[in-house]
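# Residue-level structural notes
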Amino acid sequence: MAVPSFDRVGPIPPDSPVILSVPHAGRDYPLQLRAAAAVPVASMLALEDRHADDVALAARIDETLFVQRRARAWIDLNRGEDERDPMIDDGARPIPAGASATKLRSGLGLVPRRSAPGVAIWNRRLGDDEVRQRITQDHRPYHSALADALAAARERFGAALLLDVHSMPPLPGGASARVVIGDRFGRSAGGRLVHRLEGEVIAAGHRAALNTPYPGGYILSRHGRPDEHIHAIQIEIDRRLYLDSSLTAPGKGLAGTAALLRRMIDAATDELLTGGLALAAE
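Residues numbered from 1 in each chain as written. Predicted model: local features only at pLDDT ≥ 70, side-chain atom pairs only at ≥ 80, totals over all residues. Heavy atoms only, no water.

## Quick look at the overall build of the protein
The helix and strand tally for the protein stands at seven helices and nine strands. Here the C-alpha radius of gyration of the protein, 18 Å, is about what a compact globule of 282 residues would show, namely 19 Å. The principal-axis extent of the C-alpha atoms belonging to the protein is close to 55 × 40 × 40 Å. For the protein, the proportion of its 282 residues judged to be buried stands at 52%. (Helix = DSSP H or I, 4+ residues; strand = E, 2+ residues; numbered from the N terminus. Rg over C-alpha atoms; globule rule 2.2 N^0.38 Å. Buried < 20%, exposed > 50% of the residue type's maximum accessible area, 1.4 Å probe, protein only.)

Here is the structure:
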(Lines give C-alpha, C1' and ligand atoms only; values in the text may rest on other atoms or scores of the structure.)
Protein backbone atom coordinates (compact mmCIF):
# COMPACT_ATOMS: atom_id res chain seq x y z
CA MET A 1 0.00 0.00 0.00
CA ALA A 2 1.38 3.42 -0.98
CA VAL A 3 2.46 5.77 1.81
CA PRO A 4 0.10 8.79 1.82
CA SER A 5 1.57 12.17 0.93
CA PHE A 6 -0.07 13.80 3.95
CA ASP A 7 0.33 13.57 7.70
CA ARG A 8 -2.56 12.90 10.05
CA VAL A 9 -2.20 14.02 13.65
CA GLY A 10 -4.92 12.70 15.95
CA PRO A 11 -7.21 9.68 15.93
CA ILE A 12 -10.03 8.29 13.81
CA PRO A 13 -12.72 8.46 15.06
CA PRO A 14 -11.83 12.01 16.12
CA ASP A 15 -11.88 13.24 19.70
CA SER A 16 -13.33 16.59 18.61
CA PRO A 17 -16.10 17.67 16.22
CA VAL A 18 -13.60 20.07 14.61
CA ILE A 19 -11.29 18.66 11.93
CA LEU A 20 -8.32 20.77 10.84
CA SER A 21 -6.86 20.77 7.33
CA VAL A 22 -3.73 22.49 5.97
CA PRO A 23 -3.59 21.71 2.23
CA HIS A 24 -1.14 24.33 0.93
CA ALA A 25 1.81 24.40 3.35
CA GLY A 26 3.65 21.42 1.83
CA ARG A 27 7.39 21.85 1.43
CA ASP A 28 8.11 18.56 -0.38
CA TYR A 29 9.17 19.28 -3.98
CA PRO A 30 9.52 15.85 -5.65
CA LEU A 31 12.42 15.13 -7.98
CA GLN A 32 10.00 14.78 -10.91
CA LEU A 33 8.78 18.33 -10.27
CA ARG A 34 12.27 19.78 -10.04
CA ALA A 35 13.35 17.97 -13.21
CA ALA A 36 10.43 19.38 -15.21
CA ALA A 37 10.57 22.89 -13.72
CA ALA A 38 11.67 25.96 -15.64
CA VAL A 39 12.48 27.79 -12.40
CA PRO A 40 14.22 26.89 -9.13
CA VAL A 41 12.22 25.81 -6.09
CA ALA A 42 12.72 29.27 -4.58
CA SER A 43 10.54 30.68 -7.36
CA MET A 44 7.68 28.37 -6.40
CA LEU A 45 7.51 29.35 -2.73
CA ALA A 46 4.97 32.07 -3.46
CA LEU A 47 2.38 29.30 -3.89
CA GLU A 48 2.94 28.00 -0.36
CA ASP A 49 0.88 28.93 2.65
CA ARG A 50 4.25 29.28 4.28
CA HIS A 51 4.36 27.54 7.70
CA ALA A 52 0.57 27.58 8.13
CA ASP A 53 1.03 24.01 9.34
CA ASP A 54 3.13 25.29 12.25
CA VAL A 55 0.27 27.56 13.29
CA ALA A 56 -2.23 24.70 13.16
CA LEU A 57 0.07 22.27 15.00
CA ALA A 58 0.64 24.84 17.75
CA ALA A 59 -3.11 25.50 18.04
CA ARG A 60 -4.46 21.94 18.12
CA ILE A 61 -5.08 20.06 21.35
CA ASP A 62 -7.21 17.00 20.62
CA GLU A 63 -8.45 17.85 17.12
CA THR A 64 -7.58 15.55 14.23
CA LEU A 65 -5.36 17.48 11.81
CA PHE A 66 -4.41 16.74 8.20
CA VAL A 67 -1.33 18.37 6.65
CA GLN A 68 -0.38 17.84 3.02
CA ARG A 69 3.40 17.36 2.60
CA ARG A 70 3.56 17.75 -1.19
CA ALA A 71 4.08 21.29 -2.43
CA ARG A 72 1.12 23.06 -4.01
CA ALA A 73 3.21 23.42 -7.19
CA TRP A 74 2.92 19.62 -7.58
CA ILE A 75 -0.88 19.49 -7.18
CA ASP A 76 -3.44 21.82 -5.62
CA LEU A 77 -5.84 20.02 -3.29
CA ASN A 78 -8.18 23.02 -3.36
CA ARG A 79 -9.01 22.47 -7.04
CA GLY A 80 -11.33 19.84 -8.48
CA GLU A 81 -10.05 16.95 -10.58
CA ASP A 82 -11.60 18.55 -13.67
CA GLU A 83 -9.78 21.87 -13.19
CA ARG A 84 -6.93 20.83 -15.48
CA ASP A 85 -5.12 23.47 -17.50
CA PRO A 86 -5.07 22.88 -21.29
CA MET A 87 -2.10 25.23 -21.63
CA ILE A 88 0.22 22.73 -19.91
CA ASP A 89 -1.75 19.48 -19.47
CA ASP A 90 -2.19 17.04 -22.37
CA GLY A 91 -5.18 15.42 -20.62
CA ALA A 92 -7.11 18.64 -20.02
CA ARG A 93 -10.27 19.49 -21.89
CA PRO A 94 -10.61 22.92 -23.49
CA ILE A 95 -12.18 25.47 -21.16
CA PRO A 96 -15.76 25.99 -22.40
CA ALA A 97 -16.50 29.48 -23.69
CA GLY A 98 -18.12 31.53 -20.96
CA ALA A 99 -17.22 29.04 -18.22
CA SER A 100 -16.57 30.43 -14.77
CA ALA A 101 -12.93 29.36 -14.44
CA THR A 102 -11.07 32.45 -13.24
CA LYS A 103 -8.41 30.59 -11.26
CA LEU A 104 -7.82 28.09 -14.04
CA ARG A 105 -7.51 30.79 -16.70
CA SER A 106 -5.03 32.67 -14.51
CA GLY A 107 -2.76 29.63 -14.22
CA LEU A 108 -3.89 28.34 -10.82
CA GLY A 109 -5.58 25.10 -11.78
CA LEU A 110 -5.24 21.58 -10.39
CA VAL A 111 -1.57 21.65 -11.39
CA PRO A 112 -0.52 25.31 -11.25
CA ARG A 113 0.98 26.72 -14.44
CA ARG A 114 2.64 29.65 -12.70
CA SER A 115 3.82 30.52 -9.20
CA ALA A 116 3.38 34.28 -9.53
CA PRO A 117 2.32 36.60 -12.35
CA GLY A 118 4.82 36.16 -15.15
CA VAL A 119 6.62 33.21 -13.51
CA ALA A 120 5.95 29.97 -15.45
CA ILE A 121 6.71 26.77 -13.52
CA TRP A 122 7.07 24.10 -16.22
CA ASN A 123 9.66 23.68 -18.98
CA ARG A 124 7.44 21.23 -20.89
CA ARG A 125 3.88 20.02 -21.18
CA LEU A 126 2.62 17.42 -18.70
CA GLY A 127 1.35 14.08 -19.93
CA ASP A 128 -2.15 12.90 -19.09
CA ASP A 129 -0.68 9.92 -17.23
CA GLU A 130 1.49 12.18 -15.05
CA VAL A 131 -1.42 14.27 -13.87
CA ARG A 132 -3.68 11.26 -13.37
CA GLN A 133 -1.02 9.68 -11.18
CA ARG A 134 -0.92 12.79 -8.99
CA ILE A 135 -4.70 12.72 -8.70
CA THR A 136 -4.65 9.05 -7.71
CA GLN A 137 -1.73 9.22 -5.29
CA ASP A 138 -2.15 12.66 -3.72
CA HIS A 139 -5.49 14.34 -4.41
CA ARG A 140 -8.00 11.54 -3.89
CA PRO A 141 -6.42 10.05 -0.73
CA TYR A 142 -6.42 13.44 1.01
CA HIS A 143 -10.06 14.14 0.24
CA SER A 144 -11.08 10.60 1.11
CA ALA A 145 -9.34 10.92 4.48
CA LEU A 146 -11.07 14.25 5.18
CA ALA A 147 -14.45 12.81 4.25
CA ASP A 148 -13.96 9.79 6.50
CA ALA A 149 -12.85 11.95 9.45
CA LEU A 150 -15.80 14.32 9.06
CA ALA A 151 -18.27 11.45 8.80
CA ALA A 152 -16.80 9.85 11.92
CA ALA A 153 -16.92 13.15 13.82
CA ARG A 154 -20.56 13.69 12.86
CA GLU A 155 -21.38 10.13 13.92
CA ARG A 156 -19.81 10.72 17.31
CA PHE A 157 -20.88 14.31 18.03
CA GLY A 158 -23.94 14.85 15.85
CA ALA A 159 -22.26 17.60 13.82
CA ALA A 160 -18.78 18.31 12.46
CA LEU A 161 -16.76 21.23 11.11
CA LEU A 162 -13.80 21.28 8.75
CA LEU A 163 -11.56 24.28 9.44
CA ASP A 164 -9.39 24.65 6.34
CA VAL A 165 -6.35 26.70 7.37
CA HIS A 166 -4.58 28.91 4.81
CA SER A 167 -2.43 32.02 4.80
CA MET A 168 -2.54 35.02 2.51
CA PRO A 169 -0.19 37.80 1.42
CA PRO A 170 -1.00 41.15 3.01
CA LEU A 171 -4.09 42.68 1.47
CA PRO A 172 -3.71 46.18 0.02
CA GLY A 173 -4.71 49.12 2.21
CA GLY A 174 -3.72 49.95 5.75
CA ALA A 175 -7.14 49.06 7.17
CA SER A 176 -7.46 45.75 5.35
CA ALA A 177 -8.56 42.53 7.01
CA ARG A 178 -5.93 40.39 8.70
CA VAL A 179 -8.14 37.29 8.69
CA VAL A 180 -10.60 36.32 5.94
CA ILE A 181 -13.29 33.76 6.79
CA GLY A 182 -14.79 31.94 3.81
CA ASP A 183 -17.98 29.88 3.67
CA ARG A 184 -18.77 29.99 -0.06
CA PHE A 185 -21.16 32.87 0.65
CA GLY A 186 -23.20 30.87 3.14
CA ARG A 187 -23.26 27.60 1.22
CA SER A 188 -20.70 25.56 3.18
CA ALA A 189 -21.43 26.39 6.84
CA GLY A 190 -24.06 27.65 9.24
CA GLY A 191 -24.06 31.41 9.74
CA ARG A 192 -23.82 31.18 13.53
CA LEU A 193 -20.55 29.28 13.26
CA VAL A 194 -19.11 31.84 10.89
CA HIS A 195 -20.07 34.79 13.08
CA ARG A 196 -18.64 33.13 16.20
CA LEU A 197 -15.31 32.82 14.41
CA GLU A 198 -15.52 36.41 13.18
CA GLY A 199 -16.19 37.55 16.74
CA GLU A 200 -13.04 35.84 18.00
CA VAL A 201 -10.93 37.62 15.39
CA ILE A 202 -12.41 41.00 16.31
CA ALA A 203 -12.00 40.32 20.04
CA ALA A 204 -8.30 39.68 19.39
CA GLY A 205 -8.00 43.18 17.92
CA HIS A 206 -7.84 42.23 14.25
CA ARG A 207 -10.01 43.24 11.33
CA ALA A 208 -11.96 40.33 9.78
CA ALA A 209 -13.62 39.95 6.40
CA LEU A 210 -16.16 37.43 5.16
CA ASN A 211 -15.63 35.79 1.75
CA THR A 212 -13.80 38.75 0.22
CA PRO A 213 -11.46 38.17 -1.48
CA TYR A 214 -11.31 34.48 -0.50
CA PRO A 215 -14.68 32.67 -0.30
CA GLY A 216 -13.12 29.20 -0.34
CA GLY A 217 -12.62 26.72 -3.15
CA TYR A 218 -13.04 23.07 -3.96
CA ILE A 219 -12.38 21.83 -0.42
CA LEU A 220 -15.37 23.73 0.96
CA SER A 221 -17.63 22.93 -1.99
CA ARG A 222 -16.84 19.22 -1.71
CA HIS A 223 -16.98 18.76 2.06
CA GLY A 224 -19.33 21.47 3.34
CA ARG A 225 -22.85 20.06 3.64
CA PRO A 226 -24.62 22.02 6.39
CA ASP A 227 -27.94 20.29 5.67
CA GLU A 228 -26.20 17.03 6.61
CA HIS A 229 -24.59 18.58 9.73
CA ILE A 230 -21.10 18.78 8.19
CA HIS A 231 -19.81 22.34 7.91
CA ALA A 232 -16.67 23.66 6.22
CA ILE A 233 -15.00 27.05 6.70
CA GLN A 234 -11.80 28.43 5.22
CA ILE A 235 -9.52 30.59 7.36
CA GLU A 236 -7.03 32.88 5.57
CA ILE A 237 -4.46 34.42 7.92
CA ASP A 238 -2.28 37.40 6.98
CA ARG A 239 1.29 36.08 6.88
CA ARG A 240 2.55 39.18 8.70
CA LEU A 241 0.81 37.91 11.82
CA TYR A 242 3.05 34.87 12.26
CA LEU A 243 6.05 35.07 9.88
CA ASP A 244 9.21 37.16 10.13
CA SER A 245 9.69 40.39 8.19
CA SER A 246 10.82 38.48 5.10
CA LEU A 247 7.61 36.40 5.19
CA THR A 248 9.63 33.21 4.84
CA ALA A 249 10.22 31.86 8.36
CA PRO A 250 8.19 31.66 11.58
CA GLY A 251 8.32 34.91 13.52
CA LYS A 252 7.53 36.21 16.99
CA GLY A 253 3.83 36.38 16.24
CA LEU A 254 3.37 32.66 15.66
CA ALA A 255 2.42 31.89 19.27
CA GLY A 256 -0.19 34.66 19.34
CA THR A 257 -1.63 33.61 15.99
CA ALA A 258 -1.86 30.00 17.17
CA ALA A 259 -3.64 31.23 20.30
CA LEU A 260 -6.17 33.07 18.11
CA LEU A 261 -6.77 29.94 16.04
CA ARG A 262 -7.20 28.00 19.28
CA ARG A 263 -9.91 30.42 20.43
CA MET A 264 -11.65 30.02 17.07
CA ILE A 265 -11.52 26.24 17.42
CA ASP A 266 -12.93 26.45 20.95
CA ALA A 267 -15.74 28.78 19.83
CA ALA A 268 -16.66 26.47 16.97
CA THR A 269 -16.58 23.44 19.25
CA ASP A 270 -18.95 25.17 21.66
CA GLU A 271 -21.40 25.93 18.85
CA LEU A 272 -21.26 22.38 17.52
CA LEU A 273 -21.71 20.70 20.89
CA THR A 274 -24.47 23.00 22.15
CA GLY A 275 -26.47 23.58 18.97
CA GLY A 276 -24.90 21.61 16.16
CA LEU A 277 -28.11 20.06 14.83
CA ALA A 278 -29.89 23.40 14.82
CA LEU A 279 -27.14 24.97 12.69
CA ALA A 280 -28.39 23.11 9.62
CA ALA A 281 -31.76 24.83 9.85
CA GLU A 282 -30.34 28.38 9.60
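Once the structure has been displayed, the description carries forward.
## So, helix 2 (residues 52-59)
Looking only at helix 2, the buried set comprises A52, D53, V55, A56 and A59. Looking straight down helix 2, one finds its buried side chains confined to an arc of 155°; they lie on one side. (Arc of directions from axis to C-beta.)

## Some remarks on helix 4 (residues 128-157)
The end-to-end C-alpha distance of helix 4, which contains 30 residues, comes to 42 Å, matching closely the 44 Å that a straight helix rising 1.5 Å per residue would cover. In the structure, helix 4 departs most strongly from a straight axis at I135, where the bend amounts to approximately 35°. Two residues or fewer after helix 4 comes G158, characterised by a positive phi angle close to 95°. (Expected span 1.5 Å × (residues − 1). Bend = angle between axes of the 7 residues up to and from the residue.)

## What about the side chain of E48?
With respect to the helices and strands, E48 occurs in the loop between helix 1 (31-36) and helix 2. The class of E48 is buried, set by a relative accessible area of 2%. Separated by 2.6 Å, the side chains of E48 and R50 make a polar contact. Discounting residues that sit within four places of it in the chain, E48 has contacts with H24, G26, R27, Y29 and R239. (Polar contact = N/O pair within 3.5 Å; in protein donor to acceptor, adjacent residues only side chain to side chain. Contact = heavy atoms within 4.5 Å.)

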